[in-house]
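Here's the letter readout for the chains.
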Amino acid sequence: MTDSAVHSPTIMARETAEAPARCAEQVKRNADLVREAGRRLRALAPPFAATLARGSSDQAAAFAKVLLETGAGVPTLSHAPSIGSLYRATSARFRDVPLIAISQSGRSPDLIAAAQDAQRQGALIVAIVNDAQAPLAQIADICVPIHAGPETSVAATKSFIATLVALTHLVAEWSDDDALRDALAAVEETLQAAVAADWTPAAALLRDARAMLVLGRGLTLPIAGEAALKLKETSRIHAEAFSIAEVAHGPMTLIGAGDPVLAFGPMDEARAGLRDRLAEFRGRGAHVIAAGLDEDVAAATLALPGPSSGHPVLGAIAQIQSFYGLANALALARGLDPDQPPHLAKVTRTL
């Protein structure tokens, strides 16, 4: 892989590099709006919350679930769009329950229909969107714009990162978490450091891969899910995401000598067992590529650079920021255009 290929100015690469500044601007612009949303949600004190999303946005929804359950103490379920858009089976128990609808475009018909159906049952619709004029934003009771700016690469990058930051901001205010607020105040510096962390050497281990496992746990399991999706989209690798804990229940038997494994190590309690699990994979002869705390990734074939301290939520977001540079370089190394994956469109229209 040539140096020019690694640093090729694709749209995906340019948009990924915009994320740190966009996220810092978002936190500032949304400060009053999100503070009031957090106050409103605390006062509502719902028995549970729900998310509504597809694709990369559904990985962001899974991130929100971990944030809400560990930070705000709010059980959170994933509401499948078809339950409301096709089956019209939304329960009246949704009354006064926040439904967090996540969509970069805010124009997917199934999400809009499901949100409207839940709203008729009394749900409080919280829209996380890039376009504040989109139909989903217009019907929402609370709209949190991510301010990512136009995104033209089909493979979403900066909008995904900005969505994670918006959800983190919302939960920080909802849970009245000063530590998370302080971490968000340094979001630009954290993400700029992640841009500078060079993960592209991993492309040499993945260039000829046809299938692979991508691991995470807790906050990094949705990060692994997003990475697996991007590996499918941009490099045509059959990548599947699994929990570091659950991978031993079957999927681990698929891995042998020379097979690649990419691990996103958590920086909180979820890191328990990671070091031993990676050592097991390495013992099978797998090519283990891992990000995380130094002591956790010591057994990896390739340990990826990243923060060794800091808030675990921002640490997880930093990992996907760094990964997108690898995804771009890997697609180019495989002779593919990461900006135009085949058979995909920016807005998915499903009902």
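A brief structural summary. (Residues numbered from 1 in each chain as written. Predicted model: local features only at pLDDT ≥ 70, side-chain atom pairs only at ≥ 80, totals over all residues. Heavy atoms only, no water.)

1. Overview of the packing of helix α2 (residues 11-29) against helix α10 (residues 187-196)
At their nearest, the axes of α2 and α10 sit 8 Å apart, and the two run at 170 degrees to each other. Comparing their axes, α10 and α2 come out roughly antiparallel. In this structure, the crossing between α2 and α10 has a hand that is right-handed. Residue-level contacts link Ala 19, Pro 20, Ala 21, Cys 23, Ala 24 and Val 27 of α2 to Val 187, Glu 188, Leu 191, Gln 192 and Val 195 of α10. Of the residues contributing to the contact of α2 with α10, the split by class is nine nonpolar, one polar and one charged. (Axes fitted to C-alpha atoms, helices over the stretch in contact; angles between N-to-C directions. Helix = DSSP H or I, 4+ residues; strand = E, 2+ residues; numbered from the N terminus. Parallel < 35°, antiparallel > 145°, perpendicular 65-115°, else oblique. Left-handed = near helix turned anticlockwise from the far one by under 90°. Contact = heavy atoms within 4.5 Å. Nonpolar A, V, L, I, M, F, W, Y, C, P; charged D, E, K, R; others polar.)

2. Section: helix α4 (residues 56-72)
Given 3.6 residues per helical turn, the α-helix brings residues three or four places apart onto the same face. Between its first and last C-alpha, α4 extends 23 Å over 17 residues, near the 24 Å set by a 1.5 Å rise per residue. Taken as a whole, α4 has its buried residues at Ser 56, Ser 57, Ala 60, Ala 61, Phe 63, Ala 64, Val 66, Leu 67 and Leu 68. Packed against the buried residues of α4 are β1 (49-52), β2 (76-78), β3 (98-103), α8 (158-174), α12 (220-235) and α14 (312-333). Directly after α4, the chain includes Gly 73, whose backbone phi takes a positive value near 65 degrees. (Expected span 1.5 Å × (residues − 1). Buried < 20%, exposed > 50% of the residue type's maximum accessible area, 1.4 Å probe, protein only.)

3. Description of the environment of Leu 184
Summarising the element assignment, Leu 184 is placed in helix α9 (residues 178-185). Spatially, the C-alpha atom of Leu 184 lies 8.1 Å from that of Thr 168, the residues being 16 residues apart in sequence. Setting aside chain neighbours within four positions, we find Leu 184 in contact with Val 27, Val 165, Thr 168, His 169, Ala 172 and Leu 314.

4. Structural notes on the packing of aromatic side chains
All told, the structure shown has four aromatic pairs when counted by the stated rule. Geometrically, the ring pair formed by Phe 264 and Phe 323 is edge-to-face, given 6.0 Å between the ring centres and 70 degrees between the ring planes. Separated by 59 residues along the polypeptide, Phe 264 in strand β8 (residues 260-264) and Phe 323 in helix α14 bring together distant segments of the chain. Accessibility classification places Phe 264 together with Phe 323 in one group, the buried group. Counting every residue linked through ring pairs, the aromatic cluster contains Trp 199, Phe 264, Phe 323 and Tyr 324. (Phe/Tyr/Trp six-rings, centres within 6.5 Å; stacked < 30°, edge-to-face > 60°.)

5. So, the side chain of Lys 230
The topology assignment puts Lys 230 in helix α12. Among all residues touching Lys 230, those that are not within four sequence positions of it are Ser 56, Ala 155, Ala 156, Ser 235, Phe 323 and Tyr 324.

6. What to know about the sheet that holds β2
One open sheet holds the five strands; their spatial order is β2-β1-β3-β4-β5, and the pairing between them is parallel. Edge strands, defined here as strands with exactly one partner in the open sheet, are β2 and β5 (142-145). Pairs of neighbouring strands in the sheet enclose a mean axial angle of 20 degrees, with direction left out of account. With three bridges connecting them, β1 and β3 associate as parallel partners. Looking across to β3, one finds that Thr 51 is bridged to Ile 100. (Pairing = 2+ DSSP bridges.)

7. Points about the sheet that holds strand β9 (residues 287-291)
Here five strands make up an open sheet; going across it, the order is β7-β6-β8-β9-β10 and the pairing parallel. Every other strand in the sheet has two partners, leaving β7 (238-243) and β10 (302-303) as the edge strands with one partner each. Bridge count for strand β6 (residues 211-216) against β8 is three bridges, and the pairing is parallel. In the sheet register, Leu 215 faces β8, and the bridge partner there is Ala 263. Of the strands in this sheet, β6, β7 and β8 are in contact with α12, which crosses β7 at around 175 degrees. The sheet strands contacting helix α13 (residues 274-283) are β6, β8 and β9, and the helix crosses β9 at an angle near 155 degrees.

8. Quick word on the nonpolar core
Here is a general trend for soluble globular proteins: nonpolar side chains tend to be buried in one another's company. Core analysis: the largest hydrophobic core is formed by 74 residues, its most contacted members being Phe 63, Ile 128, Val 214, Phe 264, Ile 320 and Phe 323. No other element matches α8, which puts 11 residues into this core. (Core = buried A, V, L, I, M, F, W, Y, C linked by side-chain atoms within 4.5 Å.)

9. Points about the pattern of salt bridges
By the definition in use, this model includes 18 salt bridges. Residues Arg 277 and Glu 280 are paired through a salt bridge, measuring 2.7 Å at the closest nitrogen-oxygen approach. With a gap of three residues between them, Arg 277 and Glu 280 both fall in helix α13, about one helical turn apart. The exposure class assigned to Arg 277 is buried, which follows from its relative accessible area of 15%. Look at the salt bridges and you will find they share partners, linking Glu 173, Asp 176, Asp 178 and Arg 181 into a network. (Salt bridge = Lys/Arg side-chain N within 4 Å of Asp/Glu carboxyl O.)

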